[in-house]
Amino acid sequence: MFTFKQFTINQDRCAMKVGTDGVLLGSWAPIHHNPFSVLDIGAGTGIIALMIAQRTQAEQIDALEIDEEAYEQTVENFENSPWGDRLFCFHAGLDEFIEEPEDEYDLIVSNPPFYSEDYKTESEQRDLARFQDAMPFEELIEAADLLLSENGIFAVILPFKEEEKFIALAKEAELYPIKITRVKGTLKSEIKRSLLAFSRYESTEIKIDELIIEVDRHVYTPEYIELTKDFYLKM
């Protein structure tokens, strides 16, 4: 169990546990456009959708999860939260979900499963959750293009090495970066993650910055504390 300031995450049945990536995306995803409807693709524990529920007044927050155990856990986490009436999880794959799209979304978020060649664990379920074939970037971008409202924002977190490729693929779908934050564990470590936000309009000024998480082991930077303080109990 993982306890945040305003909600709790049960994760005993999820292959993908609560991790820094989800917390980063949930607290970073742009909401200045006051989204009415939100979609979280590949919900895992439901953490990102819950964080968006805490941060916004969005009336409709949908999540999508293909793994049955994770889906059931997400539903449970949604129901136990203060925002149960605004949160809904679909048990479906992205391909099924986009076959008959009913809604457009003002904010689409995803912490997609990614896979590195050398990555294998003892848990097959976890490997599947990590395996990029479970959600190729092309499919994710195609879905965002199909489901994003006219003034909507699409936000993802990826390994830094995938950033360039993802931006190029998004451009083909006429989705353009408006904000990029590159994340490092410490000042001296290399960039590990990219937080990317896209819209349908090409921006003349893309906001690009860097976020460092720790000064020292478990000693967090002021920037990381500022970003996550509404969620973490000890921030």
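Nothing here was measured: the structure is a model prediction, and the numbers come from that model.

K.L.:
Any chance you could explain helix H7 (residues 163-172) here in plain terms?
P.N.:
In an α-helix, one full turn covers 3.6 residues, which means residues spaced three or four apart are oriented alike. Every buried residue belonging to H7 is among Glu163, Phe166, Ile167, Leu169 and Ala170, and all of these are buried. The buried residues of H7 all sit within an arc of 165 degrees when viewed along its axis, so they share a single face. Summarising the geometry of H7, the exposed residues directed more than 90 degrees from the buried face are Glu164, Lys171 and Glu172. If you follow the buried residues of H7, they end up packed against helix H6 (137-147), strand S7 (148-159), strand S8 (176-184) and strand S9 (191-199). Of the residues trailing H7, glutamate 174 is marked for its positive phi of about 60 degrees.

K.L.:
Quick question: what am I supposed to make of the nonpolar core here?
P.N.:
One recurring pattern in soluble globular proteins: nonpolar side chains tend to sit buried together. With 39 residues, the main nonpolar core has Phe4, Phe7, Val23, Leu24, Leu25, Ile47 and Leu87 as its most contacted residues. Within the residue set of this core, elements represented by two or more residues are helix H1 (20-28), helix H2 (47-55), strand S4 (60-65), strand S5 (87-91), strand S6 (105-110), S7, S8 and S9. If one sorts the elements of this core by residue count, H2 sits on top with seven residues. Those residues in contact with phenylalanine 7 that sit more than four places away from it in its chain are Phe2, Ile47, Leu50, Met51, Gln54, Ser81, Pro82, Trp83 and Phe231. Among the nonpolar cores identified, the runner-up in size contains 28 residues, and Leu94, Phe154, Ile180 and Leu196 belong to it.

K.L.:
What exactly am I supposed to notice about the pattern of salt bridges here?
P.N.:
Here the idea is simple: oppositely charged side chains can pair when their charged atoms come close. For the coordinates displayed, the defined rule picks out eleven salt bridges. Lysine 184 serves as the salt-bridge partner of glutamate 210, at 3.9 Å between the closest nitrogen and oxygen. Taken as a pair, glutamate 210 in strand S10 (residues 207-212) and lysine 184 in strand S8 lie far apart in primary sequence, 26 residues in all. On the accessibility criterion, glutamate 210 (44% relative accessible area) is partly exposed. Put simply, glutamate 214 and arginine 217 hold a salt bridge, and the shortest N to O gap is 3.9 Å.

K.L.:
Got a minute to help me understand the pairing of strand S3 (residues 37-41) in this structure?
P.N.:
The side chains of a regular strand alternate, residue by residue, between the two faces of the sheet. Counting buried positions over the five residues of S3 gives five, a clear majority of the element. Examined bridge by bridge, S3 and S4 share five bridges and lie parallel to one another. From the neighbouring strand, valine 38 faces S4, where its bridge partner is isoleucine 61. For the segment spanning S3, H2 and S4, crossover handedness is right-handed. The pairing of S3 with S6 spans four bridges and is classified as parallel. Along S6, the bridge assignment pairs leucine 39 with isoleucine 108.

K.L.:
Just to check I follow, could you spell out the sheet that holds S3 for this structure?
P.N.:
Hydrogen bonds between backbone atoms are what pair the strands of a sheet, whose relative direction is either parallel or antiparallel. The sheet built from eight strands is open, its strands ordered S5-S4-S3-S6-S7-S9-S8-S10 with mixed pairing. The outermost strands of the open sheet, each flanked by one partner alone, are S5 and S10. On average, adjacent strands in this sheet sit at an angle of 15 degrees to one another, irrespective of strand direction. Contacts from H7 reach S7, S8 and S9 within the one sheet, and its direction differs from that of S9 by about 15 degrees.

Parameters and conventions
Residues numbered from 1 in each chain as written. Predicted model: local features only at pLDDT ≥ 70, side-chain atom pairs only at ≥ 80, totals over all residues. Heavy atoms only, no water. Buried < 20%, exposed > 50% of the residue type's maximum accessible area, 1.4 Å probe, protein only. Helix = DSSP H or I, 4+ residues; strand = E, 2+ residues; numbered from the N terminus. Arc of directions from axis to C-beta. Contact = heavy atoms within 4.5 Å. Core = buried A, V, L, I, M, F, W, Y, C linked by side-chain atoms within 4.5 Å. Salt bridge = Lys/Arg side-chain N within 4 Å of Asp/Glu carboxyl O. Pairing = 2+ DSSP bridges. Right-handed = clockwise from strand over helix to strand, strands pointing away. Axes fitted to C-alpha atoms, helices over the stretch in contact; angles between N-to-C directions.

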